[in-house]
Structures are given as structure tokens and as C-alpha cells.
Amino acid sequence: MRRPPSPPFRSEVRSDRVSAVLGVALGACFLVCFATGLYSHALQEPPGWFTPFARPAGLYRFTQGLHVVTGVATVPLLLAKLWAVYPKLFEWPPFTSIGHAVERLMLLPLVGGALFLVLSGVNNVNISYPYPFSFRPAHYAAAWITVGALVVHVAATIRVTRRGLRRDTTATSVDTRARRDFLAGALGTGALVALFTVGQTYRPLRRLALLAPRRPDAGPQGFPVNRTAASVGLDHVDAGAYRLTVVASRGETTTYTYDELRALPQHEATLPIACVEGWSASRRWRGVRVRDLLDAAGAHDAVRVQVVSMQQNPLYRRSELTRGVARDPDTLLALEVDGAPLHPDHGFPCRLIAPNRPGVEQTKWVERIEAT
Amino acid sequence: VTASDRRHYGVAFWIALLAGGAIALVGVRSFLDTYADAARRVSFVKWVVGADVVHDVVVAPFAIAVGLLARRVVPDRWWRPVQSGLVATAAVLLLAWRPLTGSGAWKHNVSIQPLDYRSATATALGVVWSVVLAWSALRWLRARRAALSGARGGVRASRATVAPSPRPPG
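Residues numbered from 1 in each chain as written. Chains lettered and ligands numbered in written order. Predicted model: local features only at pLDDT ≥ 70, side-chain atom pairs only at ≥ 80, totals over all residues. Heavy atoms only, no water.

**Quick word on the overall build of chain B**
Then step 1. Helix and strand content of chain B: four helices and zero strands.
Then step 2. When the helices and strands of chain B are listed from N to C terminus, the series reads α-α-α-α.
Then step 3. Out of the 170 residues in chain B, the part that is buried amounts to 34%.
Then step 4. Contacts in chain B between residues far apart in sequence, at least 24 positions, make up 62% of those at least 6 positions apart.
Then step 5. Only carbon and sulfur atoms are counted for the fraction: they give 68% of the accessible area of chain B, which is about 10,100 Å². (Helix = DSSP H or I, 4+ residues; strand = E, 2+ residues; numbered from the N terminus. Buried < 20%, exposed > 50% of the residue type's maximum accessible area, 1.4 Å probe, protein only. Contact = heavy atoms within 4.5 Å. Areas by Shrake-Rupley, 256 points an atom, 1.4 Å probe, with all protein chains shown as cover.)

Structure representation (C-alpha cells):
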């Protein structure tokens, strides 16, 4: 038998119904974040069975924007859920069967993992890393651990959740109304903080982006950057001394000066820079098609294309294009944005811009294209 | 405790444990593959377990203490909107904490945290508490209307019971 709850926990709001509704809402948020997160991870580290594709051009912008906004909405839902179930922490005896013990043990990776995902996510969008490990592998590992624990939790609580979702005919009208108000508050807060964030990717709502660390209209040339030219020592690149080298599969090289690149046929594409931090900005780019450069170098049959930056920092110095993305007509080596040469922070003299691609893979300060 | 409250751990639960354990192991293995050094592995465990412990030992008791205190001060009729306002305030402050303290800002990058986050956070909290105020006013109007119809002795008098009554704290 359980001990009767102590007086501070005697709230009419704490009930199976509140726990069930918040649990379903949180579960939906976790699944959205997990699916969109796996997609983002696969684009950055493609497994053998997955080939990144170019269309629809704005897919990554949508999935990653959704990932971050849903993660933000999770914050109040998680706080409310943990508040609602907190008395269960002091359940006595601590377990009544082996199954019960296993269920309770799995709460540690579930709750710890969920809190870590939210905390590390909020830190990452603010470019803050207070731990000795990198964000991405840790966030990725915590996501699998949390979802694994969630599967066990759902199996253990599905009966009580189903019962909680049914109308409770035994509750008084006052209790029912109190629970409805609490749920409205928690779900409404989730919607409100999402509204205060979504403007970082959905431009019409940018003025409401009060809690987002980015605005799609703030930054050099009117949109954000992650890695600045100064941080990699490339804020004064001499266009006269610049050379782009294209290496074909058999090792032949073709070299272009900045002026020679400008003299090649130029193409325009309106594409978003969509970052893993959930912000995005759509701009009008102008430059040389990557496929034209490959064809000119005799690499029209290239299966993979590596784009290499002048930056010395090895993190995101190099990115890979699949054949489909490399040959897309909108995949450009951009020399201009919105009718002006690129700002150093946006990759002057030239940068890669391709459809449906994480921002960190849109390599800046490009000096080399290698076809294999 | 009724019989229906007792949890059942049938075959489905143990299958789910195997499936969930396998999913969780994907995460454990990917971290171990990425980091071979013990320091980073231990740090990761500390952050995950620590997040849970800090919540249970510090954050939750603090939230309950704030709730108890507020419950004593706030009139019954205002309590539910105020409670939601407190949850929303906690969520807003948690999300604004990094920009507010400037701890994530990069020196060279003007596009990170481009706003004055003190006024941005104040505006967000202003919206939250305006909603709380409007919600409270709506509740007051409804209760007043219900009380008036009750005083007239109409058949809808029983609806007055929806007005909040004094509740124990929590």
C-alpha cells in the first residue's frame, strides 16, 4: 500500500487526466523532434543507405525550424508534467514487483535525457557549450536514450493513460474545471513560447521572435551568420590573389581567378540558408552552377563532389555533394547575394549554396572542388 | 488504492523493454564510439543524471515553495490563471536565460542575440501577464453572471457551483 500523500501534494490538479494529456502532448513533441533530428543528422553524416536529395528545396528549412520550435514548446510541457507527477517520486514502497522496479529505473534516463535534450538544445541555439563534449553527438545520443526509455514508459503506463484520457465521471465540477484550466495554461504556454520563437525561421513573424537568439533580418547584408570571417582569419581575402581549383576524377585540375569566375555564365536562385539552430533566411543568390564547373573540368560523371574551404579550422571545412545535389540547376558557387558581392562573413569571394541542405554544409570561402 | 490502480507488467511490457533497451543502446553506443576517453563519457553521464537530480532536489521543491507562497497571497478566484502565469514565467525565463546573461554571445558575431533581451523578455512577460489578467477578468465576469442568475432563483442556479471554492494549497 502507498502512504497517503503529504499535504503539499494535495492539489486537485494532480490527476491521471492531467498526467495523461501532458504525456500525450510531450510524446508527440518528442516524436516530432526525434524524426526531424534524425533527418538533420542523416544530412550531416549520411548512413550508407541514405542519399541526400535536393528537392523540395525548402525541406530542411521546414524540418529543422519545426525541430527547434517543437523543442521550445516542450519546455513548459515538461515542467508541467514533472510537477504533476512529482509526488510519485516518494511512492512507498519504492516498488512492488520487478516490473515496477524496472519501470521506475527507466525514469532516470527518461527524465534526465529529456531535461538534457532541452537544456543542450537551448544552449546550442545560443552557441553556448558548457561541457567538454560536442553538442551534436551528445544531443544525438541523448535522443536515442530518451526515446528508448520513453518506449518502456509508454508500455508501462498505457492503461492508466487511456483511463486518464476518458472523461472522469467521478471528479467534481470544480476539480474538472481546475484541471482544464491547468492544462489550458500548460498547453497555451507551449503555444506562446513557440510563437515567440518561430519568427527566427518564418519571416512574417520575425518581430515576435522575442525568445529566439536569431532574427532572419539581423546580420551582415541583412541575414545571420554562424561562423564569421574574423573567427577564421578570412576577413581580408584579396580577390586579385584568389584562385579556385577544380579537380576532376582523374586528377586534372582547372584553375579560375575571381574575374574569370565572374565572366562565366551566371545563374540566379532564391534559396534559404537554413541552420541547425532552427533559423533560416531566404535570399537571391547569383553565381556559377557547380555542374558547369564540373563539366568544364571533364567531371560530368562525378558521383561525389567535395567542396573545400580556405578556412584552416577542420570543423566544417569540407562538405560533400551527392551527384543529385551537385547537378541540380540551383546548386551554385555563389559570388553575389541580393545583387551585391558576398560580405566576408557570408563567404567572400564565393560560397556554396544548394537546395535542401543544412547551413553548416553550405561551405564558405571555397577554394577547391574535388570530383570523384 | 484500488485494484485498477495496480500496474500490470505483461508480455507486452517486457517486449517493450527489449525494444526500448535496444533503442537506448543505439545512443549509448554512438556516444562511446565518438568519445573513447573516460572524462567525456563520465561528464555526459553526469549531465544526464545531474539534470534529473537537480530537478528533483532543487527545482521541484523550489517550484512547490513558490506555489505554496503564491497560493497564500493570491485570492482563490485568481489562482488558476496566476498558477499558469507562474509556469509561463518560468518557461520564458528559462528560454531567455542565455541571451539575458549574454553568456552565449560571440564577440565577432553581431547576428547572434541581436536584440535587447531585457526589454524583449519584459515584453514576453508583459504578454503572459496580460493574458493572466484577461483570463482572471473573464472568470470573474462568469462567476458574477452565475451568481446573479442564482440570486434570481432561476433553474440554472446549480451552475453557481462552478465558481471556485477554497482549496488546499498545492
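**Digging into the overall build of chain A**
Then step 1. Assigned secondary structure in chain A consists of nine helices and ten strands.
Then step 2. In chain A, which comprises 372 residues, the share counted as buried stands at 59%.
Then step 3. Total accessible area on chain A is roughly 15,300 Å²; 60% of this is exposed by carbon and sulfur atoms.

**Quick look at the side chain of Gln362 of chain A**
Then step 1. Assignment of secondary structure puts Gln362 of chain A in the loop between strand E9 (351-353) and strand E10 (366-371).
Then step 2. With residues near it in sequence (within four places) discarded, Gln362 of chain A still touches Pro272, Ile273, Arg351, Leu352, Ile353, Ala354 and Arg357 of chain A.

**Regarding the interface of chain B and chain A**
Then step 1. Every contact between the two is made by 72 residues of chain B and, on the other side, 87 residues of chain A.
Then step 2. Across the interface of chain B and chain A, roughly 7,100 Å² is buried in total on both sides, 69% from carbon and sulfur atoms.
Then step 3. Summed over the shared surface of chain B and chain A, the number is one salt bridge.
Then step 4. At the junction of chain B and chain A, the tally comes to 14 residue pairs in polar contact (both at pLDDT 80 or more).
Then step 5. Secondary structure elements with two or more residues in the side of chain B that touches chain A: helix H1 (11-34), helix H2 (38-73), helix H3 (76-101) and helix H4 (117-151) of chain B. (Buried area = accessible area lost by both parts, 1.4 Å probe. Salt bridge = Lys/Arg side-chain N within 4 Å of Asp/Glu carboxyl O. Polar contact = N/O pair within 3.5 Å; in protein donor to acceptor, adjacent residues only side chain to side chain.)

**Focus: the confidence of the model for chain B**
Interpretation of the predicted coordinates at a detailed level should be avoided for regions scoring low in pLDDT.
Residues and elements named next belong to chain B.
Then step 1. Residue-level pLDDT values for chain B average 86, and 83% of them are 70 or greater.
Then step 2. Contacts for the low-pLDDT stretch residues 1-5, under 50 throughout, to residues beyond four places or in other chains number five contacts.
Then step 3. Long-range and interchain partners of residues 155-170, a stretch whose pLDDT sits below 50, account for 28 contacts in this model, where long-range means more than four residues apart.
Then step 4. Scored as a complex, the prediction yields pTM 0.92 and ipTM 0.92. (pLDDT = per-residue confidence, 0-100.)

**Observations regarding a positive patch on the surface**
Then step 1. A cluster of basic residues, Arg17, Arg167 and Arg180 of chain A together with Arg142 and Arg145 of chain B, forms a positive patch on the protein surface.
Then step 2. Within the secondary structure layout, Arg167 of chain A lies in the loop between helix H5 (135-165) and helix H6 (173-195). (Patch = residues over 30% accessible without salt bridge, like charges linked within 9 Å, V, L, I, M, F, W, Y side chains within 5 Å. Lys, Arg positive; Asp, Glu negative; His and termini not counted. Charge placed at Lys NZ, Arg CZ, Asp CG, Glu CD.)

**A few points about the pairing of strand E2 (residues 253-257) of chain A**
All names here are of chain A.
Then step 1. Pairing of strand E1 (residues 243-247) with E2 involves five bridges; the strand directions are antiparallel. In the sheet register, Leu244 faces E2, and the bridge partner there is Tyr256.
Then step 2. A loop of five residues connects E1 with E2, the two strands running antiparallel in sequence, and Gly251 in this loop sits at a positive phi of about 95°. (Pairing = 2+ DSSP bridges.)

**Points about the sheet that holds strand E6 (residues 318-322) of chain A**
Residues and elements named next belong to chain A.
Then step 1. The mixed open sheet is built from five strands, whose spatial order is E2-E1-E10-E5-E6. Of all the strands in the sheet, the pair left with one neighbour each is E2 and E6. Going across the sheet, the axis of each strand differs from the next one's by a mean of 20°, ignoring polarity.
Then step 2. As paired elements, E1 and E10 share three bridges and run parallel to each other. Each residue of the ladder has a partner; that of Val247, found in E10, is Glu370. (Axes fitted to C-alpha atoms, helices over the stretch in contact; angles between N-to-C directions.)

**Remarks on the nonpolar core**
Then step 1. Counting 70 residues, the largest nonpolar core has Leu22, Phe116, Phe133 and Leu211 of chain A together with Phe44 of chain B as the members making the most contacts within it.
Then step 2. Looking at this core, the element that brings in the most residues is H5 of chain A, giving eleven residues.
Then step 3. The residues touching Leu22 of chain A, leaving out its near neighbours within four places in the chain, are Leu77, Ala80, Lys81, Phe182, Leu183 and Ala186 of chain A.
Then step 4. Judged by nonpolar contacts, the second largest core, of 56 residues, contains Ala269, Cys275, Ala297 and Leu333 of chain A. (Core = buried A, V, L, I, M, F, W, Y, C linked by side-chain atoms within 4.5 Å.)

**Comments concerning H5 of chain A**
Note: α-helices contain 3.6 residues per turn, so residues at a spacing of three or four share the same orientation.
Then step 1. Look at H5 of chain A: only 37 Å from first C-alpha to last across 31 residues, short of the 45 Å you get at 1.5 Å a residue.
Then step 2. The largest bend in H5 of chain A is about 60°, located at Thr157 of chain A. (Expected span 1.5 Å × (residues − 1). Bend = angle between axes of the 7 residues up to and from the residue.)

**Describing the pairing of strand E5 (residues 304-309) of chain A**
All names here are of chain A.
Then step 1. The buried fraction of E5 amounts to five of the six residues, a majority that puts the element mostly inside the structure.
Then step 2. Pairing of E5 with E6, which is carried by five bridges, proceeds in the antiparallel orientation. Of the residues in E6, the one forming a bridge with Gln306 is Glu320.
Then step 3. Relative to E10, E5 runs antiparallel, the two sharing five bridges. Looking at the pairing, Val308 lines up with Arg368 of E10.

**A word on the packing of helix H2 (residues 59-85) of chain A against H6 of chain A**
Residues and elements named next belong to chain A.
Then step 1. Direction vectors running N to C along H2 and H6 enclose 155°, while the axes themselves pass 7 Å from each other. Comparing their axes, H6 and H2 come out roughly antiparallel. Of the two possible hands of crossing, H2 and H6 adopt the one that is right-handed. Residues Val69, Val72, Ala73, Pro76, Leu77, Ala80 and Trp83 of H2 form the contact with H6, whose participating residues are Phe182, Ala186, Leu187, Thr189, Gly190, Val193 and Ala194.
Then step 2. Each residue belonging to the contact of H2 with H6 can be placed in one class, and the counts come to twelve nonpolar, two polar and no charged. (Parallel < 35°, antiparallel > 145°, perpendicular 65-115°, else oblique. Left-handed = near helix turned anticlockwise from the far one by under 90°. Nonpolar A, V, L, I, M, F, W, Y, C, P; charged D, E, K, R; others polar.)

**What about the pattern of salt bridges?**
Residue and element names in this part refer to chain A.
Then step 1. Applying the stated criterion across every chain yields a total of 21 salt bridges over all chains.
Then step 2. One salt bridge connects Arg286 with Glu336, and the closest N-O pair in it is separated by 3.9 Å. Note that Arg286 is positioned in strand E4 (residues 280-289) and Glu336 in strand E7 (residues 332-337), a separation of 50 residues in sequence.
Then step 3. We classify Arg286 as partly exposed; its relative accessible area is 31%.
Then step 4. Through salt bridges with shared partners, one network takes in Arg55, Asp328 and Asp330.

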